Amino acid sequence: MTAIDWSGLAEAVRGFGATATETADGLTLIAEGGHLGTIRALPPPPGGELVPVAVLRTETFVAADKLAGLPPPARMVHGLNRLAGAAAARAQDGGLAFHARVTLFEGDEKFWPMHAQLLAYAATWGPATALGGMHRVLDKRPPHASGASAWTPEDFEQARAALPAHRKAMLDKPSPHVLAATVPLPGKRNPARVEVRADMQHPQHGPGLMALLTLPVRFPSESALGEALDGLNRAEAGPIAAAPHYGAWCAGPDGTVAYTFFLPNGVKLNVAHLLLAWLSTRAPLAADALTGPVALS
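Figured I'd write up the structure that's included with this text. The structure presented is a predicted model; accordingly, all values stated were derived computationally and were not measured.

## With respect to the overall build of the protein chain
Turning to step 1, where the next piece is worked out: The number of helices and strands found in the protein chain is 7 helices and 11 strands.
Turning to step 2, where the next piece is worked out: Computed over its C-alpha atoms, the radius of gyration of the protein chain comes to 18 Å, within 12% of the 19 Å expected for a compact globule of 297 residues.
Turning to step 3, where the next piece is worked out: Seen through its principal axes, the protein chain has C-alpha atoms that stretch 50 × 45 × 40 Å.
Turning to step 4, where the next piece is worked out: Taking all 297 residues of the protein chain together, 54% fall into the buried category.
Turning to step 5, where the next piece is worked out: Looking at the protein chain alone, contacts between residues at least 24 apart form 64% of all its contacts between residues at least 6 apart.
Turning to step 6, where the next piece is worked out: Once the 24 positive and 25 negative side-chain charges of the protein chain are each reduced to a mean point, those two points are 6 Å apart.

Structure (structure tokens):
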């Protein structure tokens, strides 16, 4: 990939009902809910076996005056990230900033149309997905939509077939609505778990496709866990040679560390096998960042 298709990315943003304007360094946009957003290129990091050629980051800001009826941003950011679609929330300037990032490598040209859709979804619906979900949880209202996921058993069968052999070896037994894997971690660690599921609903959108990575890492206090999650989300938003950052680090089951992602039915993309690969790749790197290359206690 030698150049970024900004006009195609702007068209993807408009396809989600948002406005988009090309600028000297990327795009500015007005996201769902009237929030100001940008998609910009960052300098690519040095490469190794894979050569990064572009890093694109979305940032959509929600001002404090648009958070009426909700807790202060610093208090609710971790709850919001449990409800993330494809963007992670961070407290910023009295409000909230929602980020996503993709690092594109040499040979990634065929994936550009899919990344354009995911970047556009993250930028335009990142705040609305998490904030809308929190409002519905607090108000005890049902999701906006109901019914079955658009991702069918046939989609999951195709996803399993598309995985390379070393990923297939980690998989659970086939399930019509779940692609799940046990991911070994270096050292004497318990393994991580990755699940891509079509049998769970988001509080805002209802049915769709959810992905969850759970690491066997716990912290001695809620504040220590929160600091670790903030650090992971900050690092993921930077110009790093890593798997795409669509989603958010959040508190997982029983105080573990998790990474979550959700696509609603209206954004059906052939990504189940990619999500499993991205989260499986992320698992050992995050475990080392959180605990160092030593056995977990």
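## Thoughts on the sheet that holds strand β2 (residues 26-30)
Turning to step 1, where the next piece is worked out: Spatially, 6 strands are ordered β1-β2-β3-β4-β6-β5 in an open sheet, and the strand pairing comes out antiparallel. This sheet does not close on itself; its edge strands, each paired only once, are β1 (19-23) and β5 (88-92). Strand after strand, the sheet turns through a mean of 25° between neighbouring axes, direction not considered.
Turning to step 2, where the next piece is worked out: Here strand β3 (residues 36-42) runs beside strand β4 (residues 52-62); their pairing, made up of 7 bridges, is antiparallel. For Ala41, the partnering residue across the bridge sits in β4 and is Leu56.

## Focus: the pattern of salt bridges
Turning to step 1, where the next piece is worked out: Taken as a whole, this structure holds 11 salt bridges when the rule is applied.
Turning to step 2, where the next piece is worked out: Here Asp155 makes a salt bridge to Lys268, at a shortest N to O gap of 2.8 Å. A residue pair is termed long-range when its members are at least 10 positions apart, and Asp155 in helix α4 (residues 153-162) and Lys268 in the loop between β11 (257-264) and α7 (272-291) qualify at 113 residues.
Turning to step 3, where the next piece is worked out: What makes Asp155 buried here is its relative accessible area of 18%.
Turning to step 4, where the next piece is worked out: Two residues, Asp288 and Arg189, come together in a salt bridge whose shortest N-O distance is 2.9 Å. Remark: Arg189 occurs in the loop between β7 (178-183) and β8 (192-197) and Asp288 occurs in helix α7; sequence separation between them is 99 residues.
Turning to step 5, where the next piece is worked out: A relative accessible area of 9% means that Arg189 is categorised as buried.
Turning to step 6, where the next piece is worked out: Because the salt bridges share partners, they merge into one network encompassing Asp172, Arg193, Glu195, Arg197 and Asp199.

## Brief notes about unusual backbone geometry
Turning to step 1, where the next piece is worked out: Its identity as a non-glycine residue notwithstanding, Asp93 has a phi of 50°, on the positive side.
Turning to step 2, where the next piece is worked out: For Asp254, which is not a glycine, the phi torsion comes out positive at approximately 60°.
Turning to step 3, where the next piece is worked out: Relative to the helices and strands, Asp254 is located in the loop between β10 (248-251) and β11.

## Things to note about the packing of aromatic side chains
Turning to step 1, where the next piece is worked out: What the rule picks out here adds up to 3 aromatic pairs.
Turning to step 2, where the next piece is worked out: Measuring from ring centre to ring centre gives 6.1 Å for Phe16 and Tyr121, while their planes differ by 40°; the resulting arrangement is tilted. Here the residue Phe16 occupies a position in the loop between α1 (6-15) and β1, and Tyr121 occupies one in helix α3 (residues 112-139), the gap between them amounting to 105 residues. When sorted by exposure, Phe16 lands in the same class as Tyr121, which is buried.
Turning to step 3, where the next piece is worked out: Judged by centre distance (6.0 Å) and plane angle (50°), the ring pair of Tyr246 and Trp278 falls under tilted. Of the two residues, Tyr246 sits in the loop between α6 (222-236) and β10 while Trp278 sits in helix α7, which places them 32 residues apart along the sequence. Neither Tyr246 nor Trp278 differs from the other in exposure class; each is buried.
Turning to step 4, where the next piece is worked out: Across the ring face of Tyr259, the terminal group of Arg282 is positioned such that the distance to the ring centre comes to 4.3 Å.

## Some details on the packing of α1 against α3
Turning to step 1, where the next piece is worked out: Two elements in contact, α1 and α3, have axes whose closest approach is 8 Å; the angle formed by their N-to-C orientations is 50°. The angle between α1 and α3 falls in the class oblique. Between α1 and α3 the crossing geometry is right-handed. Here Leu9, Ala12 and Val13 of α1 come into contact with α3, specifically with Trp112, Ala116, Gln117, Leu119, Ala120 and Thr124.
Turning to step 2, where the next piece is worked out: Among the residues forming the contact of α1 with α3, the class breakdown is 7 nonpolar, 2 polar and no charged.

Rules used throughout
Residues numbered from 1 in each chain as written. Predicted model: local features only at pLDDT ≥ 70, side-chain atom pairs only at ≥ 80, totals over all residues. Heavy atoms only, no water. Helix = DSSP H or I, 4+ residues; strand = E, 2+ residues; numbered from the N terminus. Rg over C-alpha atoms; globule rule 2.2 N^0.38 Å. Buried < 20%, exposed > 50% of the residue type's maximum accessible area, 1.4 Å probe, protein only. Contact = heavy atoms within 4.5 Å. Lys, Arg positive; Asp, Glu negative; His and termini not counted. Charge placed at Lys NZ, Arg CZ, Asp CG, Glu CD. Pairing = 2+ DSSP bridges. Axes fitted to C-alpha atoms, helices over the stretch in contact; angles between N-to-C directions. Salt bridge = Lys/Arg side-chain N within 4 Å of Asp/Glu carboxyl O. Phe/Tyr/Trp six-rings, centres within 6.5 Å; stacked < 30°, edge-to-face > 60°. Lys NZ or Arg CZ within 6 Å of the ring centre and 35° of its normal. Parallel < 35°, antiparallel > 145°, perpendicular 65-115°, else oblique. Left-handed = near helix turned anticlockwise from the far one by under 90°. Nonpolar A, V, L, I, M, F, W, Y, C, P; charged D, E, K, R; others polar.

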